[in-house]
Amino acid sequence: MDSLAEILAAAIRIATPLLFAALGGILSERAGVFAVGLEGMMLAGAFAGVIATHALGHAGFGLLASAVGGGLLAAVVALVTVRFCADQMVTGLAVNILALGLTSFLLRGLFGHGAAPTIRVTPLAPMPIPALGDVPFLGPLLFRQPALTYVGLALVVALLVLLHRTRAGLTLRAVGENPTAVFAGGADPIRVRTLAVTAGGALAGIGGAVLSLQQVGTFTDAMTNGRGYLALAAIIVGRWSPAGALVACLLFGATDALQLRIQGLRLPVSSYVIQMLPYIVLIAVLAGLGRGARLPAAIGMPFVR
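Fair warning: this is a prediction, and the values are worked out from it, not measured in the lab.

Analysis parameters
- Residues numbered from 1 in each chain as written.
- Predicted model: local features only at pLDDT ≥ 70, side-chain atom pairs only at ≥ 80, totals over all residues.
- Heavy atoms only, no water.
- Helix = DSSP H or I, 4+ residues; strand = E, 2+ residues; numbered from the N terminus.
- Rg over C-alpha atoms; globule rule 2.2 N^0.38 Å.
- Buried < 20%, exposed > 50% of the residue type's maximum accessible area, 1.4 Å probe, protein only.
- Contact = heavy atoms within 4.5 Å.
- Areas by Shrake-Rupley, 256 points an atom, 1.4 Å probe, with all protein chains shown as cover.
- Lys, Arg positive; Asp, Glu negative; His and termini not counted.
- Charge placed at Lys NZ, Arg CZ, Asp CG, Glu CD.
- Axes fitted to C-alpha atoms, helices over the stretch in contact; angles between N-to-C directions.
- Left-handed = near helix turned anticlockwise from the far one by under 90°.
- Parallel < 35°, antiparallel > 145°, perpendicular 65-115°, else oblique.
- Core = buried A, V, L, I, M, F, W, Y, C linked by side-chain atoms within 4.5 Å.
- Phe/Tyr/Trp six-rings, centres within 6.5 Å; stacked < 30°, edge-to-face > 60°.
- Expected span 1.5 Å × (residues − 1).
- Polar contact = N/O pair within 3.5 Å; in protein donor to acceptor, adjacent residues only side chain to side chain.
- Salt bridge = Lys/Arg side-chain N within 4 Å of Asp/Glu carboxyl O.
- Patch = residues over 30% accessible without salt bridge, like charges linked within 9 Å, V, L, I, M, F, W, Y side chains within 5 Å.

*Asks:* Which residues make up the overall build of the protein, and what are the values?
*Replies:* Within the protein, the secondary structure is distributed over 13 helices and zero strands. Counting helices and strands in the order they occur from the N terminus, the protein gives α-α-α-α-α-α-α-α-α-α-α-α-α. Relative to the compact-globule value of 19 Å for 305 residues, the protein shows a C-alpha radius of gyration of 19 Å, a close match. Within the protein, the fraction of its 305 residues that count as buried is 48%. Excluding contacts between residues fewer than 6 apart, the proportion of contacts in the protein whose partners are at least 24 apart in sequence is 76%. As displayed, the protein offers around 14300 Å² of accessible surface, 70% of which is attributable to carbon and sulfur atoms. Each charge class in the protein can be summarised by its mean position, and for the 18 positive and 10 negative side chains these summaries are 6 Å apart.

Okay, here's the thing in structure tokens:
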């Protein structure tokens, strides 16, 4: 039972950065803009978080810098795609490449004099909830997590309420379905999409901070390692629902935690084969559930006043 609780607790920790990025991507795609640039936004957030924490000596500044870093990159995406109607797929891929090269260049240029330096900060510690953290099984699983994990779970509920119980959420969803009708009703689809993409980038940036500040305590080149694309897949598997994306992220987290445990058994199988397990599971789920997923009707379609 203890081993199961450890695996599930690790699954939640691994799923946390994916969850932040997936929630940000839901905001963007519900408004009608493909969130292909999540990988770059996460990487920008991871870089900004470590640099700000190292320079200013407090993780709170690092988290703020992560949100700003991801948000600024998302604002570029919004400007190019929403204002100037550029292809959203191409722009997203370009942003991912830009973030990969720019963070590596700045890391070496500002701190390593051409070499790849190692900048270490103190990782965010778990924050047990008094009394609840001592509950058998559920305590270690749910109530001894780092603070950002609690924030991510709370954001799932908050985003559900925003999208389905508020006027702003209704407008955002309507822009992703029929921006012309929204414009006729008096709202500005360009403004809604710009805000949604930028806010989504800020969330993805915090997802990058979970990696660099909470899980690792340092920044390395390409440390997101494709997690932005996994978050994009989680959005599709979860049918553009925050709750569905949470389940998809937890599925990947569970399989990743399981493969780490399997590697510890030292089976006569290549570790590279075992590391493929989470991706194989996600591809299988995506092939099974993603086929019937319905995209927002106006996603990828530019709106011109």
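There's plenty left to go through after this.
*Asks:* So what about the packing of helix 2 (residues 38-56) against helix 3 (residues 59-83)? Which residues, and what values?
*Replies:* As a packed pair, helix 2 and helix 3 sit with axes 7 Å apart at the nearest point and diverge in direction by 145°. For the crossing formed where helix 2 meets helix 3, the hand is right-handed. Counting all contacts with helix 2, which are made through Gly40, Met41, Ala44, Gly45, Ala48, Gly49, Ala52, Thr53 and Leu56, the residues of helix 3 involved are Ala59, Phe61, Gly62, Ala65, Ser66, Gly69, Gly70, Leu73, Ala74 and Val77.

*Asks:* Could you give an account of unusual backbone geometry, naming the residues involved and the relevant values?
*Replies:* Positive phi, close to 55°, is recorded for Ala222, a residue that is not glycine. Position of Ala222 relative to the elements: it lies in the loop between helix 9 (189-216) and helix 10 (227-237). You will see that Arg239, though not glycine, has its phi angle at about 60°, which is positive. Inspection of the secondary structure puts Arg239 in the loop between helix 10 and helix 11 (242-263). Residue classification places Arg239 among the partly exposed positions, given a relative accessible area of 39%.

*Asks:* Break down the packing of helix 2 against helix 9 for me, citing the residues and quoting the values.
*Replies:* The geometry of helix 2 relative to helix 9 is characterised by a closest axis approach of 6 Å and an angle of 55° between their N-to-C directions. Here helix 2 lies oblique to helix 9, going by the angle between them. Relative to helix 9, the crossing made by helix 2 is right-handed. On helix 9, the residues touching Leu38, Met41, Met42, Gly45, Ala46, Gly49, Val50 and Thr53 of helix 2 are Gly201, Ala204, Gly205, Gly207, Gly208, Ala209, Leu211, Ser212 and Leu213.

*Asks:* Talk me through the nonpolar core; I want residue IDs and the actual numbers.
*Replies:* By size, the foremost hydrophobic cluster in this structure holds 73 residues, and its most contacted members are Leu23, Ile26, Leu38, Leu172, Phe219, Ile235 and Cys249. Look past the residues within four positions of Leu23 in its chain and what remains in contact with it is Gly152, Leu155, Val156, Leu159, Leu203 and Pro242.

*Asks:* Pulling in residues and values, what's your account of the packing of aromatic side chains?
*Replies:* Under the criterion given, the structure shown has three aromatic pairs. Residues Phe183 and Phe303 carry aromatic rings whose centres are separated by 5.5 Å and whose planes lie at 55° to one another, so their mutual orientation is tilted. One end of the pair, Phe183, is in helix 8 (residues 179-184); the other, Phe303, is in the segment after helix 13 (277-289), with 120 residues separating them in the sequence. A residue is classified by how much of its surface remains accessible, and Phe303, at 10% relative accessible area, is buried.

*Asks:* Describe helix 4 (residues 88-112), with residues and values.
*Replies:* Its 25 residues give helix 4 an end-to-end C-alpha distance of 34 Å, which sits within 8% of 36 Å, the value for a rise of 1.5 Å per residue. Taken together, the buried positions of helix 4 are Gln88, Thr91, Gly92, Val95, Asn96, Ala99, Thr103, Ser104, Leu107 and Gly112. Each element contacted by the buried residues of helix 4 is listed here: helix 2, helix 3 and helix 10. With a side-chain oxygen lying 3.0 Å from the backbone nitrogen of Met89, the N-terminal cap of helix 4 falls on Asp87. Taken from the residues just after helix 4, His113 is the one with a positive phi, measuring 50°.

*Asks:* Describe the pattern of salt bridges, with residues and values.
*Replies:* It is possible for side chains bearing opposite charge to pair when their charged atoms get close. The tally for this structure, following the rule as stated, stands at two salt bridges. Between Asp221 and Arg108 there is a salt bridge, with its nearest N and O atoms 2.7 Å apart. With Asp221 in the loop between helix 9 and helix 10 and Arg108 in helix 4, this pair connects stretches of sequence that are 113 residues apart. Note on Asp221: relative accessible area 33%, which makes it partly exposed. Relative accessible area serves as the criterion here: at 22%, Arg108 is assigned to the partly exposed category. A salt bridge links Arg294 to Glu177; the nearest nitrogen and oxygen atoms lie 2.9 Å apart. Pair noted here: Arg294 is in the segment after helix 13 and Glu177 is in helix 7 (residues 167-177), with a separation of 117 residues, a long-range link.

*Asks:* Please provide a residue-by-residue account of a nonpolar patch on the surface, values included.
*Replies:* A cluster of nonpolar residues, Leu265, Leu267, Val269, Val273, Met276 and Ile280, forms a patch on the protein surface that exposes about 540 Å² of accessible area. Residue classification places Val273 among the partly exposed residues on the basis of a relative accessible area of 47%.

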